2 protein chains.
Amino acid sequence: MTWVELPDGTGFGIDNLPLGVVLGGGRPGIRHAVRIGDSVLDLHGVTGLPVHATRTLDSFLVAGPDAWRDLREQVTEWLTDERHRARVEPHLLPLAAVQALRPIGVADYVDFYSSRAHAENVGRLFRPDGDPLPPNWLHLPIGYHGRAGTVQVSGAPVVRPCGQIGPPGDDGLPPFGPTRRLDLEAELGFVVGAPSEPGERVPVEAFGEHVFGVCLVNDWSARDLQAWEYQPLGPFLGKSFATSMSPWIVPLAALEAARVPPPPRDAALLPYLRDDAAPWGLDVELEVRINGEVVSRPPFRDMYWTAAQQLAHLTVNGAPVLAGELFASGTVSGAAREQWGSLLELTANGTRPLPLADGSTRAFLEDGDTVCITASAPGPHGARIGFGEVTGRVLPAR
Amino acid sequence: MTWVELPDGTGFGIDNLPLGVVLGGGRPGIRHAVRIGDSVLDLHGVTGLPVHATRTLDSFLVAGPDAWRDLREQVTEWLTDERHRARVEPHLLPLAAVQALRPIGVADYVDFYSSRAHAENVGRLFRPDGDPLPPNWLHLPIGYHGRAGTVQVSGAPVVRPCGQIGPPGDDGLPPFGPTRRLDLEAELGFVVGAPSEPGERVPVEAFGEHVFGVCLVNDWSARDLQAWEYQPLGPFLGKSFATSMSPWIVPLAALEAARVPPPPRDAALLPYLRDDAAPWGLDVELEVRINGEVVSRPPFRDMYWTAAQQLAHLTVNGAPVLAGELFASGTVSGAAREQWGSLLELTANGTRPLPLADGSTRAFLEDGDTVCITASAPGPHGARIGFGEVTGRVLPAR
């Protein structure tokens, strides 16, 4: 039991303790912080550690799993033992008084494509006469590199991007302008803390030695730009304008009760992808809201490829991962329609607009729309582990 | 005329003055440096500026074009005016005494696909029955994000990567092992110095206000990994194991005499890609050597899309570029066979091995092979501007 007063039903009890980076609250500089309930613990205040060079968590995460565990145990003790209260409580700042910043440097950003329902939905829309899954899909977690520099923290707006929105018309020029098919993609993101060595493969069993924790990701997508540009080298401007992440990184250590076996695999796996011994399926329930209305509840437990397999694949060619690197799951979609994690799927590529409670409909996102993705997972003793939210409002094209 | 003694035919005369980052030479710390002939000028030594936090050029490049010009003028004065010699000469270190490091942080890494001959060669190999160019190719510079964290400096070896090298066999498992089709790609890389603002498009005319200079790039590629993985989201592990760059960044200011009009365009361009007023074609001649033997001389002047157009495209959706970001041209290939910039093309995907002078042949690279790419361009007064080299030796898979 913590001595901190917690709101009813908080997802940020003593078993969560996510890390972030904050500004404000009457304290100078950028500070590493732990969220507890609707407060944040200023780690520099409570430890006396200097604030310089703490713009991101990377400088802490690079220290590795022993340091992560030590801090977690220390913070747990501070927040549960009344004897620490007098010293620690002055360093608890109201969440509302601080600004949570992008918590990591995003040394690289990789996005996977690991929901089978999502891949099949997309395949049926774009290749109606073929197999909905590409031939490699069941054999490896497909992924690609995205733009690290445009990963932004929740709350930052998303300006509708412009670009070439289709093949040339009669004038020989591709139509150009603001995207007409701005979409969301509900995902989880995995934050690498401890780097791997060049040439070192990270086996699925070593996932927890490198990945610190989990956040929410909205992989904003301009479907018309993407459809025109993506052959043969993959998505580029259709994705690179913005990717939003939630500010509080939930440690893997908080997610032990959420671990579940992944779905049965329909193709035999190469040894480096086998995960029977200690699978990293996660029972995280996402909710996607447009302007406050829930439009989907994607179940992360249905993801075909786990983050441990993604990391094993990412490093099997010897590429090292770096502290503060982010890799995302790909759109999370379940089998049922109300579990699909993108408007592309929910509206059948815009052909069946989604009715909203205010009487309007959405084929894709409109200017002024706010998208908010939240999630929670089972924690110990019946508690829920919250992920907070990743939110962004669509602003008109410039 | 510089008072520095220059080797005959150096590409590093007073009109070049590329920037890099060096370690050693009897001086502590990592230092910004200018190459002149076979010497490097220690900028910290000569200016007295502190060495801390200078691991890359990014901290200088971010200051923008006025600072770049001021430094260039200052260094030119130091190295030409005899009155400065006594003070400056002690800070000239022998090139051989220092280790040139990766000069930039590589905030993001983008690779384009802008040689028409290369794209057509690849199209004919992989889509023999279709149009060799994808339908979008003449309308936009196709590009994708690569792995920033594995961009390495010339001289670093390349360990042959492992991975899934093709579709499943009779056992239902994809074959796994070291790539059998390790390739080189000869490219130029463009180093962003001054960042752009989020939402700001960088017009082709503003190229020189953001891009500081040019280097050589070898975009190592594992063709078997790439062929199996790349649909539908583009290259991933087939490229992410290593990308090599040359250490000396040749300023755009040294390349005025090398500017040429790009080839005629066969499709009308949208306004943001039009470059008639001040095109950035570059008459850079590349040479590709395997184990010392020239196997190709790719002409950069034949590139269909210029780097100015690439940057305009990269930012047209509002994505900002960052200081220390790298974007590469894509494989440089000319029309003639002896001008093709990859073994994929030179050997028709391995079906027509390349004879080497030692009597051996190469379908793709073998362990122990050294690949060296060099280049030069016309400078003022009949001088040549050198780019140095990007070199890497292939080590066996671990």
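Note that this is a predicted model, so its numbers are computed, not measured.

**Quick word on the overall build of chain A**
Working step 1: Assigned secondary structure in chain A consists of ten helices and 26 strands.
Working step 2: Computed over C-alpha atoms, the radius of gyration of chain A comes to 21 Å, within 12% of the 21 Å expected from 2.2 N^0.38 for 398 residues, which places it in the range of a compact globule.
Working step 3: For chain A, the spread of C-alpha atoms along the three principal axes comes to 75 × 50 × 40 Å.
Working step 4: Taking all 398 residues of chain A together, 62% fall into the buried category.
Working step 5: Counted over contacts in chain A with a minimum sequence separation of 6, partners at least 24 positions apart contribute 72%.
Working step 6: Of the roughly 14,200 Å² that chain A leaves accessible, carbon and sulfur atoms contribute 54%.
Working step 7: Placing the 32 positive and 47 negative side-chain charges of chain A at their respective mean positions leaves the two points 2 Å apart.

**Comments concerning the interface of chain A and chain B**
Working step 1: Taken together, the contact between chain A and chain B spans 58 residues of the former and 58 residues of the latter.
Working step 2: For the pair chain A and chain B, the summed buried area comes to about 5,200 Å², and 61% of that belongs to carbon and sulfur atoms.
Working step 3: The largest contributions to the chain A side of the interface with chain B come from Arg 147, Leu 233 and Phe 236 of chain A, which together make up 15% of the buried area.
Working step 4: Linking chain A with chain B are two salt bridges.

**Focus on the sheet that holds strand β2 (residues 27–36) of chain A**
Residues and elements named next belong to chain A.
Working step 1: Overall, antiparallel pairing links the five strands, which are arranged β4-β3-β2-β1-β5 in an open sheet. Each end of this open sheet is capped by a strand with a single partner; those strands are β4 (92–94) and β5 (98–100). Across the sheet, the axes of successive neighbouring strands diverge by a mean angle of 45 degrees, strand direction being ignored.
Working step 2: With six bridges joining them, strand β1 (residues 19–24) and β2 adopt antiparallel strand pairing. Residue pairing across strands places Leu 19 opposite Val 34, the latter belonging to β2.
Working step 3: Of the strands in this sheet, β1, β2 and β3 (39–42) are in contact with helix α3 (residues 65–80), which crosses β3 at around 115 degrees.

**A short note on the nonpolar core**
Working step 1: Membership of the largest hydrophobic core comes to 164 residues, with the highest contact counts inside it found for Phe 190, Phe 207 and Phe 327 of chain A together with Phe 190, Phe 207 and Phe 327 of chain B.
Working step 2: Other than its neighbours up to four places away in sequence, Phe 207 of chain A contacts Phe 190, Leu 252, Trp 280, Ala 307, Ala 308, Leu 311 and Phe 327 of chain A.

**Examining α3 of chain A**
Structurally, the α-helix is built with 3.6 residues per turn, so residues lying three or four positions apart point the same way.
Residue and element names in this part refer to chain A.
Working step 1: Here α3 contains 16 residues, and its C-alpha end-to-end distance of 22 Å stays within 8% of the 22 Å for a straight helix at 1.5 Å per residue.
Working step 2: Listing the buried residues of α3 in full gives Trp 68, Leu 71, Arg 72, Val 75, Trp 78 and Leu 79. Seen from one end, α3 has its buried residues packed into an arc of 130 degrees, which puts them on one side.

**Considering the domain arrangement of chain A**
Residues and elements named next belong to chain A.
Working step 1: One can read the domain layout of chain A as domain 1 (19–100) and domain 2 (109–395).
Working step 2: For domain 1 and domain 2, the distance between their C-alpha centres works out to 29 Å.
Working step 3: Across the contact, 17 residues belong to domain 1 and 19 residues belong to domain 2.
Working step 4: Carbon and sulfur atoms make up 73% of the area that domain 1 and domain 2 hide from each other, which totals about 1,300 Å².
Working step 5: Among the residues domain 1 hides against domain 2, the three largest losses belong to Leu 19, Trp 68 and Arg 72. Together they make up 39% of the total.
Working step 6: Inspection of the domain 1/domain 2 interface yields zero salt bridges.
Working step 7: If you look at where domain 1 meets domain 2, you find one residue pair in polar contact (both at pLDDT 80 or more).

**Quick word on the packing of aromatic side chains**
Working step 1: Under the defined criterion, the tally for this structure stands at 20 aromatic pairs over all chains.
Working step 2: Taken together, a centroid distance of 5.3 Å and an interplanar angle of 80 degrees make the contact between Trp 68 of chain A and Phe 212 of chain A edge-to-face. Of this pair, Trp 68 of chain A sits in helix α3 while Phe 212 of chain A sits in strand β14 (residues 211–218), and the two are 144 residues apart along the sequence.
Working step 3: Taken together, the aromatic side chains of Phe 112, Phe 190, Phe 207, Trp 280, Phe 300 and Phe 327 of chain A together with Phe 236 of chain B make up a single cluster linked through ring pairs.
Working step 4: Above the ring of Phe 12 of chain A, the side-chain terminus of Arg 35 of chain A is found at 3.7 Å from the ring centroid.
Working step 5: Looking at Arg 259 of chain B, its charged tip hangs above the ring of Trp 280 of chain B, at a distance of 3.6 Å from the centre.

**Looking at the relation of the copies chain A and chain B**
Working step 1: You can overlay chain A on chain B at an RMSD of 0.0 Å; the transform is a turn of 180 degrees with a shift of 0.0 Å along its axis. Look at the turn and shift together and you get a two-fold axis relating the two. Among all residues of chain A, the minimum C-alpha distance to the rotation axis is found for Gly 234 of chain A, at 2.1 Å.
Working step 2: Most of the interface of chain A is mirrored in chain B, where 100% of its interface residues are also at the interface.

**Details of the sheet that holds strand β25 (residues 370–378) of chain A**
All names here are of chain A.
Working step 1: Taken in spatial order, the five strands of this open sheet run β9-β26-β25-β20-β21, and their pairing is mixed. In the strand order of this sheet, the two ends are held by β9 (158–159) and β21 (293–296), each with one partner.
Working step 2: In the sheet, β9 pairs with strand β26 (residues 384–395) via two bridges, with the strands oriented parallel. What sits directly across from Val 159, in β26, is Leu 395.

**Structural notes on the environment of Gly 359 of chain A**
Residue and element names in this part refer to chain A.
Working step 1: Here Gly 359 is to be found in the loop between β23 (354–355) and β24 (361–362).
Working step 2: Residue classification places Gly 359 among the exposed positions, given a relative accessible area of 64%.
Working step 3: On a C-alpha basis, the gap between Gly 359 and Val 34 in space is 41 Å, while along the polypeptide they are 325 residues apart.

**Some points on the state of the cysteines**
Working step 1: Summed over all chains, the structure comprises zero disulfides over all chains.
Working step 2: Cys 215 of chain B carries a free sulfur, and the closest cysteine sulfur to it, the one in Cys 372 of chain B, is 14 Å from it.

**Remarks on the side chain of Ser 333 of chain A**
Working step 1: Along the polypeptide, Ser 333 of chain A turns up in the loop between β22 (326–328) and α10 (343–346).
Working step 2: Apart from the residues within four sequence positions on either side, Ser 333 of chain A is in contact with Ser 115, Ala 117, His 118, Pro 299, Gln 339, Trp 340, Gly 341 and Glu 345 of chain A.

**So, the pattern of salt bridges**
Oppositely charged side chains are able to pair whenever their charged atoms sit close together.
Working step 1: The tally for this structure, following the rule as stated, stands at 48 salt bridges over all chains.
Working step 2: The shortest N-O distance in the salt bridge between Arg 384 of chain A and Glu 285 of chain A comes to 4.0 Å. Remark: Glu 285 of chain A occurs in strand β20 (residues 285–290) and Arg 384 of chain A occurs in strand β26; sequence separation between them is 99 residues.
Working step 3: The class for Arg 384 of chain A is partly exposed, based on a relative accessible area of 33%.
Working step 4: For Arg 27 of chain B, the salt bridge identified is with Asp 42 of chain B, shortest N-O distance 2.9 Å. Residue Arg 27 of chain B is located in strand β2 (residues 27–36), and its partner Asp 42 of chain B is located in strand β3 (residues 39–42); the two are separated by 15 residues in the primary sequence.

**What to know about helix α9 (residues 307–315) of chain A**
Working step 1: Counted residue by residue, α9 of chain A has nine buried out of nine residues, so it is predominantly covered.
Working step 2: Of the positions making up α9 of chain A, those classed as buried are Ala 307, Ala 308, Gln 309, Gln 310, Leu 311, Ala 312, His 313, Leu 314 and Thr 315 of chain A.
Working step 3: Close packing links the buried residues of α9 of chain A with β6 (109–112), β13 (186–192), α6 (207–210), β14 and β22 of chain A together with α8 (237–240) of chain B.

Rules behind the numbers
Residues numbered from 1 in each chain as written. Chains lettered and ligands numbered in written order. Predicted model: local features only at pLDDT ≥ 70, side-chain atom pairs only at ≥ 80, totals over all residues. Heavy atoms only, no water. Helix = DSSP H or I, 4+ residues; strand = E, 2+ residues; numbered from the N terminus. Rg over C-alpha atoms; globule rule 2.2 N^0.38 Å. Buried < 20%, exposed > 50% of the residue type's maximum accessible area, 1.4 Å probe, protein only. Contact = heavy atoms within 4.5 Å. Areas by Shrake-Rupley, 256 points an atom, 1.4 Å probe, with all protein chains shown as cover. Lys, Arg positive; Asp, Glu negative; His and termini not counted. Charge placed at Lys NZ, Arg CZ, Asp CG, Glu CD. Buried area = accessible area lost by both parts, 1.4 Å probe. Salt bridge = Lys/Arg side-chain N within 4 Å of Asp/Glu carboxyl O. Pairing = 2+ DSSP bridges. Axes fitted to C-alpha atoms, helices over the stretch in contact; angles between N-to-C directions. Core = buried A, V, L, I, M, F, W, Y, C linked by side-chain atoms within 4.5 Å. Expected span 1.5 Å × (residues − 1). Arc of directions from axis to C-beta. Domains from an automatic or database assignment. Polar contact = N/O pair within 3.5 Å; in protein donor to acceptor, adjacent residues only side chain to side chain. Phe/Tyr/Trp six-rings, centres within 6.5 Å; stacked < 30°, edge-to-face > 60°. Lys NZ or Arg CZ within 6 Å of the ring centre and 35° of its normal. Least-squares fit on C-alpha atoms with pLDDT ≥ 70 in both. Disulfide = S-S within 2.5 Å.

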